[in-house]
Amino acid sequence: MKALLFDGRSSKAEEVKLSVSNEILMVERPLSSKSYHVDDIQIEDAFGASPLVLILNSGERIEVPTARTAVDLGLVRNKKIVRFLERGFRGFLVSVALMAFGLTVIALVVVPEFITVIERILPENVFDLVDEGTLRTLDNALFESTNLSEEDREKILQSFKEFLKKAGQEDDVTILFRSTERTFPNALTLAGHTIIVTDDLVKLYKEDNADMVSAILFHELGHHRLGHARKALIQASLFTVFIGLFTGDFSNTALQMTGAIYQLKFSREQEFAADKFALEILTESGADPRNYTTALKKLEEKVRGRAFSHNKEAYEILSWVQTHPSTSERLERAEKIIQGLTK
Amino acid sequence: MNHTTESSSHVHQIQFTGSGSEYFNIWLANVALTIVTFGIYGPWAKVRRNKYLHKNVSIEGSALDYHADPVKIFLGRLVAIGLFIVYSVLTSLFFPWNTLGFALLIAAYPILVQKALRFRYRVTSYRNIRFAFRGSIIDGAYALVFYPACIVLSLGLLFPLAMKFWRDYQLKNGSYGSTHFGYSMPLKKFFVAGYLSHGYLLLAASFVGTLTFLSKNDPKYIDKLDPAYVYLLLPLMIIIFVWGLLSHVFRLYFKHHLIWDGLTVGPFKFVSTLRFKPCVWLVLSNGVLILLTLGFYMPFATIRRNKLIYTNVIFMGPGSIDGFVADSIPPEGAIGDEAADFLDLDIGF
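Please read these numbers as outputs of a predicted model, since none were measured by experiment.

What counts and what doesn't
Residues numbered from 1 in each chain as written. Chains lettered and ligands numbered in written order. Predicted model: local features only at pLDDT ≥ 70, side-chain atom pairs only at ≥ 80, totals over all residues. Heavy atoms only, no water. Patch = residues over 30% accessible without salt bridge, like charges linked within 9 Å, V, L, I, M, F, W, Y side chains within 5 Å. Areas by Shrake-Rupley, 256 points an atom, 1.4 Å probe, with all protein chains shown as cover. Salt bridge = Lys/Arg side-chain N within 4 Å of Asp/Glu carboxyl O. Helix = DSSP H or I, 4+ residues; strand = E, 2+ residues; numbered from the N terminus. Buried < 20%, exposed > 50% of the residue type's maximum accessible area, 1.4 Å probe, protein only. Core = buried A, V, L, I, M, F, W, Y, C linked by side-chain atoms within 4.5 Å. Contact = heavy atoms within 4.5 Å. Polar contact = N/O pair within 3.5 Å; in protein donor to acceptor, adjacent residues only side chain to side chain. Nonpolar A, V, L, I, M, F, W, Y, C, P; charged D, E, K, R; others polar. Phe/Tyr/Trp six-rings, centres within 6.5 Å; stacked < 30°, edge-to-face > 60°. Lys NZ or Arg CZ within 6 Å of the ring centre and 35° of its normal.

A. Looking closely at a nonpolar patch on the surface. All names here are of chain B. Together, Leu234, Met237, Ile238, Phe241, Val242, Leu245 and Leu246 make up a nonpolar patch on the protein surface, roughly 650 Å² of accessible area in all. With respect to the secondary-structure elements, Ile238 resides in helix H9 (residues 227-260). Judged by relative accessible area, which is 48%, Ile238 ranks as partly exposed.

B. Geometry of the nonpolar core. Tyr176 and Phe270 of chain B are the most contacted members of the largest nonpolar core, which totals 51 residues. Looking at this core element by element, the count peaks at eight residues for H9 of chain B. Formed by 36 residues, the second largest nonpolar core is a distinct cluster that contains Leu148, Val213, Leu221 and Ala278 of chain A.

C. Fine view of the interface of chain A and chain B. With 52 residues of chain A at the contact, the number on the chain B side is 55 residues. Connecting chain A to chain B are three salt bridges. One salt bridge connects Glu44 of chain A with Lys51 of chain B, and the closest N-O pair in it is separated by 3.3 Å. Between chain A and chain B we count eleven residue pairs in polar contact (both at pLDDT 80 or more) in total. If you list the elements that add at least two residues to the side of chain A that touches chain B, you get strand S7 (61-64), helix H2 (81-86), helix H3 (88-121), helix H4 (124-141), helix H8 (228-247) and helix H9 (254-284) of chain A. Ranked by residue count, the leading element in the side of chain A that touches chain B is H3 of chain A, at eleven residues. Each residue belonging to the side of chain A that touches chain B can be placed in one class, and the counts come to 25 nonpolar, 14 polar and 13 charged.

D. The arrangement of the packing of aromatic side chains in detail. In total, this model carries 32 aromatic pairs over all chains according to the counting rule given. Aromatic pair Phe146 of chain B and Tyr147 of chain B: ring centres 5.8 Å apart, planes at 55°, arrangement tilted. In this structure an aromatic cluster arises from ring pairing among Tyr121, Tyr126, Phe131, Phe133, Tyr169, Tyr176, Phe181, Trp260, Phe268, Phe270, Phe315 and Phe324 of chain B. Sitting over the ring of Phe127 of chain A, Arg230 of chain A keeps its end group 4.3 Å from the ring centre. Seen from the ring of Phe272 of chain A, Arg333 of chain A lies directly overhead, with NZ or CZ sitting 3.6 Å from the centre.

Spelled out as structure tokens, the structure:
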């Protein structure tokens, strides 16, 4: 079999003849010949249209354009799983199956377990430091100082603390007030012990009472106690590290999409869990849990309007891509929980 | 294939023999094995991918080869991930680290790029002779940090100068065996290429800058504007958008000409024969198909792109290419390469 030999000292190509007998490769050059045992040769199968490559222990390289694998030369090589996957329809099917299996295991088992472990081992003050940084960024980009009077703020904090006390719950959060024109009435929980309430949210319930704001705050407290912001923070970091950088081979495709869809589901479940937490606390403190559903309806009217959440068809389609479940779905679930709690 | 154009000059056509369906299977196997091994197979996948893409580029019947060791890449990635985590934690926890961390990154940038270039040249071979990169970190610091920092003073208008410094550093310091690369390209070509490829960013920046200045931080400034002005702004925004899309074509076309038309290896030189029209078709069709297939067309797009890039380069010089001689340079670790990849520095060829 004809081949080209490159000695590694110059780029000159030398034509040689190869023959194989009893695991011994004979290389015949124009003026000399030499034999090599197969164990002393590194063999690289043809890759695409490239030739089969033999690397001799002397550093010389032989390219065999007419051979695809070692078997073509008369040498026996073990089959490798990688080569099987890279060739043919069966390899394709196995690759797809492996991919689907791997993604499922990662999404349903590995990521949640990993998040829980990291959340446990990280010291509490790390999240408070993260809060400081987040708050600084939000204050620079989104928020301004509150315009609420000292009296209004105190009233809300007092109401919240009283409910907590009655429910026998620990007061382990710091509630901060901020104003902004760049977002709808909102409250948000940071990864540490901070809950932020916007002035617009407080004003929304101005005609009602401080209990309404407390009801919304309990939902946020639910996010805090259940570690949702922490989990989201760790999950985002994990996906960035493992998907974007570790695999490096297929950014922006399958696994990232799974990650994104998983995140949506994760977030929707968290909303339901925080709703349940708020309803339980309100009930334990002796307050009417329907304060929460009323507050939610009022917020929905203000934020999105009623039309969309009652459009069942649009909801069916969009429910898969919403990070928050629709208010009607939350209210339905809340009603069932209230019935269970007040039995 | 080779033929003689003059009595002493041979033209060697570069060929790319990769196939989309073949590469798709390799890509898919890489993805599957990377997933089931939770990322550990990543470096091996990278080596398989690069081997396929290198081994299918041939000149005079001999192909390039890629020799990176996946184990070294794996260790490099671990170190790079460690550095990234430390950097992320420090910058998010301690405010001064934002500034200090940025300064450290700037200082590390030329080191990472120099090591990455050394690694990438070194792991590539042709006819059993390795390529090498001989640029120093100091030269890299001038090309990548000092000169670009000076260009900032021109409000970015002289940015094509930075492109030239980078190409000079990247290409003039290369060698094939013991034969040094040469690189020469008139500055005006960088200005034409730079402004057509990235000018829309300058236009967008001046547009946003002017609006910010006029609005004096009033977020409702646009709402208060006379509708007639808004209609005037609309064509400008469309121009920026269309130019932004076309910039991908300009980048492909000009990058090809800027690199290959100026590169020499000893008495041999490269010439780009790439025309503009195939670039438009390639960029548009690849973009649309990648979007429609949610990214699964990517391997086919890579092959089509490489085919266009390599089959439009000719290599010419006096006679055969048998006369290059090897050189010896100590092997380079993969950490620089991986850390540079990890921190998303664009140092590809």
